[in-house]
Amino acid sequence: MTAANTPHQEHHVHELQVIDPATEELVATVPAATPDDVDAAVTRAARAGRTWAALAPGDRARLLRRFAETVDGQLEELARLEVREAGHPIGNARWEAGNVRDLLDYAAGGVERLTGEQIPVAGGLNVTFREPLGVVAVIAPWNFPMPIAAWGTAPALAAGNAVLLKPAESTPLTALRLAELALDAGLPEGLFQVLPGEGPVAGKALVDHPGTAKVVFTGSTAVGKQVMAACADRVKRVTLELGGKSPNIVFADADVERAAAAAPGSFLDNTGQDCCARSRILVQREVYDRFMELLEPAVLAFRTGDPSDPDTAMGPLISAAQRDRVRSYVGEDAPAAIRGGIPDGKGFWYPATVLEGAAGGGRAAVEEIFGPVAVVLPFEDEADAVRLANATDYGLSGSVWTRDVARALRVSRAVAAGNLSVNSHSSVRYSTPFGGYKQSGLGRELGPGALAAFTETKNVFISTDDA
Ligand code: NAD
């Protein structure tokens, strides 16, 4: 059992155990940061951040590009580390490491374009400056350790800040390696530090520390609310990327074959441990039976097994505790309509599962399961689809399958979520904004505004009066 899953955390641990979820073997032990470690790291980061912010923008951009190249040179090593600590299939893990490189490149391109404005006023010149915040704390979850760490880190560094990254208890290894690669690339000592540790200890210390200017938190809605409350005390800047229960809406006028073929990946990728998982499949009644007939072979063909095998599509869950949690949703209020297979032996495996007929009311249909489980519900018409899609406290993503362009736009506008896709399940690109409505989050990451989110805008008026 990893420290993340220890039910009672009265005793602080001195080290974190990293367990391979596919084999249950101990991969590594890593010292856990204490509040004193956090305090010392904030002091170092503040010093390094001042030097960094004073560099010529072109020099900062060059160093970030070099960091991207250094990551690119170690993609395979980083990917293999992610397979070990998180059980991600190697193909996914390679993409994730490549995403870190791309995020650094994209952010580097923004450094010299982070311009202010000149605004017309009477009696002088008015200009705005985008000033770095100082030390930014990035708190990451275990489901996508590398990309989510980089979503916050790359634009924060590009905007002239220092970054302290706290990875999740169970997945500190790729984050620690990235910090080494940053030094190899020539980033100043102390500018980007990784502090593995327990959430309520190291994470809380980062949130509470007067020296951190902003917290970028990605994780559960429950902890996100605590982080937001703690930030309120100092009016600390905060971005929250929280849970989801995203709908996949299939209209009768859609290409139902394509919709059914694409559905498994939308809730089974990363074993469903994806904040954007389309775990509520809403299907118009006329095509419901046809969709289910097509969905079954597609789900059963989603290959589950050894994550280091390039043909594997789905690996294990992160931990035994996560498996217990997922299990608690199945069979309780909905019978399983489709159930895939899992390998024998050790590992935190859970089969691909499709539930039917919870009639919108059961726990499985409204709560985030964070496992390879989807609930399918029928709907009558467009208004019914929108009503069902919005019947949740979450609002992160969603998909709309239809051949009618006007309907695609109407429904995309009517669903209260931050990231919609039409005839596709794509949610996240480094070049487009990402974030949640309602209790799925606060603020946006990625996209053209990513760097600005790590700055304060300062307005300066210079009088041209000669009196
Ligand atoms: P979690 O909330 O348990 O932990 C997230 C991080 O917060 C970890 O690093 C943890 O150590 C830390 N933490 C825990 N308690 C803390 C505290 N009191 N103060 C400060 N930090 C603390 O979440 P998890 O189980 O690691 O991740 C899964 C959740 O993340 C899911 O709900 C998922 O939907 C969400 N998620 C959201 C997005 C998004 O972009 N919206 C992306 C990925 C995951």
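Criteria and thresholds
Residues numbered from 1 in each chain as written. Predicted model: local features only at pLDDT ≥ 70, side-chain atom pairs only at ≥ 80, totals over all residues. Heavy atoms only, no water. Helix = DSSP H or I, 4+ residues; strand = E, 2+ residues; numbered from the N terminus. Rg over C-alpha atoms; globule rule 2.2 N^0.38 Å. Buried < 20%, exposed > 50% of the residue type's maximum accessible area, 1.4 Å probe, protein only. Contact = heavy atoms within 4.5 Å. Areas by Shrake-Rupley, 256 points an atom, 1.4 Å probe, with all protein chains shown as cover. Lys, Arg positive; Asp, Glu negative; His and termini not counted. Charge placed at Lys NZ, Arg CZ, Asp CG, Glu CD. 1 Å grid on protein atoms, 1.4 Å probe; cavity = no way out; pocket = protein on both sides within 12 Å on 5 of 7 lines; lining within 4 Å. Points joined across faces, edges and corners; volume = space filled by probe spheres on them. Nonpolar A, V, L, I, M, F, W, Y, C, P; charged D, E, K, R; others polar. UniProt positions renumbered as here; feature names shortened; annotations may be inferred. Pairing = 2+ DSSP bridges. Axes fitted to C-alpha atoms, helices over the stretch in contact; angles between N-to-C directions. Near = heavy atom within 4 Å. Polar contact = N/O pair within 3.5 Å; in protein donor to acceptor, adjacent residues only side chain to side chain. Arc of directions from axis to C-beta.

The protein is annotated in an unreviewed UniProt entry as Aldehyde dehydrogenase of Streptomyces lycii.

**Description of the overall build of the protein**
Within the protein, the secondary structure is distributed over 14 helices and 18 strands. A globule of 467 residues ought to have a C-alpha radius of gyration of about 23 Å, and the protein, at 23 Å, matches this closely. With respect to the three principal axes, the spread of C-alpha positions in the protein is 80 × 55 × 40 Å. Taking all 467 residues of the protein together, 54% fall into the buried category. Looking at the protein alone, contacts between residues at least 24 apart form 73% of all its contacts between residues at least 6 apart. Per element, the accessible surface of the protein, about 19,100 Å² overall, is 52% carbon and sulfur. When the 43 basic and 58 acidic side-chain charges of the protein are each reduced to a single mean position, those positions are 3 Å apart.

**Observations regarding empty space enclosed by the protein**
One pass over the structure, following the stated rule, counts 4 cavities of 30 Å³ or more. When its volume is computed, the largest cavity comes out at roughly 70 Å³. Gly244, Lys245, Gly272, Asp274, Cys275, Ala277, Ser279, Glu368, Ile369, Phe370, Gly371 and Val373 are the residues that line the largest cavity. A class-by-class count of the residues in the lining of the largest cavity yields 5 nonpolar, 4 polar and 3 charged.

**Focus on the UniProt feature "active site" (unreviewed entry) in the protein**
When the UniProt feature table is mapped onto this chain, "active site" (unreviewed entry) is found at Glu241. One can find Glu241 in strand S9 (residues 237–241). Taking relative accessible area as the criterion, Glu241 reaches 3% and is therefore assigned buried. Setting aside residues up to four positions removed in sequence, Glu241 forms contacts with Phe217, Thr218, Gly219, Leu396, Phe434, Gly435, Gly436, Ser440, Gly443, Arg444 and Glu445.

**What about the sheet that holds strand S17 (residues 441–442)?**
Across the sheet, 6 strands lie side by side as S7-S6-S5-S8-S9-S17; this open sheet has mixed pairing. The sheet is open, and its two edges are formed by strand S7 (192–194) and S17, each paired on a single side. In the sheet, strand S5 (residues 135–139) pairs with strand S6 (residues 162–166) via 5 bridges, with the strands oriented parallel. For Val135, the partnering residue across the bridge sits in S6 and is Ala162. Against the sheet, helix H5 (residues 145–158) makes contact with S5, S6, S7 and strand S8 (214–218), and its axis sits at roughly 170° relative to S6, the strand it touches most.

**Some thoughts on the pairing of strand S14 (residues 373–379)**
Moving residue by residue along a regular strand, the side chains alternate between the two faces of the sheet. Burial analysis of S14 places 6 of its 7 residues in the buried class, which makes it a mostly covered element. Here strand S11 (residues 280–284) pairs with S14 via 5 bridges, running parallel. Its bridge partner being in S14, Ile281 is matched across the sheet by Val376. Relative to S14, strand S13 (residues 353–356) runs parallel, the two sharing 4 bridges. Paired with Val354 across the bridge in S14 is Ala374.

**Overview of the site of the ligand**
Contacts to the ligand come from 29 residues, most closely from Ala140, Ser220, Leu242, Cys275 and Glu368. One of the backbone nitrogen or oxygen atoms of Ala140 is found 2.7 Å away from an oxygen atom of the ligand. Gly199 has a polar backbone atom sitting 3.3 Å from an oxygen atom of the ligand. Residue assignment for the shell around the ligand shows that the elements contributing at least two residues are H5, helix H7 (199–208), S8 and helix H8 (221–232).

**Here's the deal with the layout of surface pockets**
Of the volumes computed, that of the second largest pocket is approximately 510 Å³. In terms of lining, the second largest pocket is formed by 22 residues, of which the most central are Trp95, Phe144, Asp269, Asp274 and Val428. Of all elements in the fold, only helix H4 (90–111), H5 and helix H9 (256–268) reach the threshold of two or more residues within the lining of the second largest pocket. Among the elements that take part in the lining of the second largest pocket, H4 stands out by supplying 4 residues, more than any other. The residue makeup of the lining of the second largest pocket, split by class, is 10 nonpolar, 7 polar and 5 charged.

**A word on helix H11 (residues 320–327)**
Among all positions of H11, only Gln322, Arg323 and Val326 are buried. For H11, the buried positions fall inside an angular range of 100° around the axis, keeping them on one side.

**Considering unusual backbone geometry**
Residues other than glycine seldom take positive phi values, yet Glu24 does so here, at roughly 65°. Mapped onto the elements of the fold, Glu24 is located in the loop between strand S1 (15–19) and strand S2 (26–31). Taking relative accessible area as the criterion, Glu24 reaches 32% and is therefore assigned partly exposed. In this structure, Val235 is a non-glycine residue whose phi angle is positive, near 50°. Summarising the element assignment, Val235 is placed in the loop between H8 and S9.

**Here's the deal with the sheet that holds strand S18 (residues 455–463)**
Ordered in space as S3-S4-S18, the 3 strands form an open sheet in which the pairing is antiparallel. Sheet topology places strand S3 (118–119) and S18 at the edges, where each strand pairs with a single neighbour. As judged from the 2 bridges shared by S3 and strand S4 (residues 124–132), these two strands associate in the antiparallel manner. Bridge pairing in S4 places Gln118 opposite Val127.

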